[in-house]
Amino acid sequence: MFRQASRIFARSINQQPKMMGRAFSTDVPATPTVDSTFVESWKKVIPNMEPPKTPSAFMNPRPPTPSTIPSKLTVNFVLPYASELSTKEVDMVIVPATTGQMGVLPGHVPTIAELKPGVLSVHEGNNVTKYFVSSGFTFIHANSVADIIAIEAVPVDQIDPSLVQKGLAEFTQKLSSAATDLEKAEAQIGVDVHSALNSALTG
């Protein structure tokens, strides 16, 4: 039994480099590629019929990474129900990542960051547009394109301070009187979001 287990383990180790050889998203070629292995295998089995297209044939090629750092950052900012910014060229964005406020400039290293409740700042010259986002993700690509996907977002100047204070007081009361772990978790989320809203208004 131990000999069999060692053979299986050795086999998995030998196969591991093949799995680790998968390209990162930034290594994907900028032009469409043909799965030659699949085409060859298909022609051996059905030589008189053209092989079907694989999913990669329907994908748009990745934009080429510029040889020099561009002067502007291209931002796409979308919600489940709307597109706030589409291919907008800006100087910088600051996103509320779970690891802290993260500034993104042209030429930023490719990154995926989870968003927490906080302020998303879009800097364009002397103009700064601020949005409050509830959660989501930011995808920063090697070609100086940033895709920001949020669950909810609203311009900071449209937030009603009185409603924020009212909601914060209500959820604080719910947290202090919560009897179950579920009630505590729901109340804590409410406190965190309204505290972030309050900080967005006062900061």
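For the structure, see preceding data.
Residues numbered from 1 in each chain as written. Predicted model: local features only at pLDDT ≥ 70, side-chain atom pairs only at ≥ 80, totals over all residues. Heavy atoms only, no water.

1. Digging into the packing of aromatic side chains
Evaluation of the coordinates by the stated rule reveals 2 aromatic pairs. Ring plane angle 35° and centroid distance 6.4 Å describe the contact between phenylalanine 137 and phenylalanine 139, whose orientation is recorded as tilted. Accessibility expressed as a relative area gives 29% for phenylalanine 139, which makes it partly exposed. If you follow lysine 174 out to its NZ or CZ, it ends over the ring of phenylalanine 171, 5.0 Å from the centre. (Phe/Tyr/Trp six-rings, centres within 6.5 Å; stacked < 30°, edge-to-face > 60°. Buried < 20%, exposed > 50% of the residue type's maximum accessible area, 1.4 Å probe, protein only. Lys NZ or Arg CZ within 6 Å of the ring centre and 35° of its normal.)

2. Topic: helix H3 (residues 161-177)
Look at H3: 25 Å from first C-alpha to last across 17 residues, which is about the 24 Å you get at 1.5 Å a residue. The inward-facing, buried residues of H3 contact helix H4 (181-202). (Helix = DSSP H or I, 4+ residues; strand = E, 2+ residues; numbered from the N terminus. Expected span 1.5 Å × (residues − 1). Contact = heavy atoms within 4.5 Å.)

3. Quick word on the nonpolar core
Counting 22 residues, the largest nonpolar core has Val75, Phe77, Val93 and Leu120 as the members making the most contacts within it. Once residues within four sequence positions are removed from consideration, leucine 120 is found in contact with Phe77, Ile94, Val95, Pro96, Thr129, Lys130, Tyr131, Val133 and Ile148. (Core = buried A, V, L, I, M, F, W, Y, C linked by side-chain atoms within 4.5 Å.)

4. A look at the pattern of salt bridges
Counting across every chain of the model gives 2 salt bridges. We note a salt bridge from lysine 72 to aspartate 91, for which the minimum N-O separation is 2.6 Å. In this pair, lysine 72 is assigned in the loop between helix H2 (36-45) and strand E1 (73-78) and aspartate 91 in the loop between strand E2 (83-90) and strand E3 (92-97), connecting sequence segments 19 residues apart. The residue glutamate 124 makes a salt bridge to lysine 88 at a minimum N-O spacing of 3.5 Å. Here the residue glutamate 124 occupies a position in strand E6 (residues 118-124), and lysine 88 occupies one in strand E2, the gap between them amounting to 36 residues. On the basis of relative accessible area, glutamate 124 is assigned to the partly exposed category, the value being 33%. Looking at lysine 88, the relative accessible area reads 32%, which means it is partly exposed. (Salt bridge = Lys/Arg side-chain N within 4 Å of Asp/Glu carboxyl O.)

Everything listed is a geometric property; what it means functionally is a separate question.
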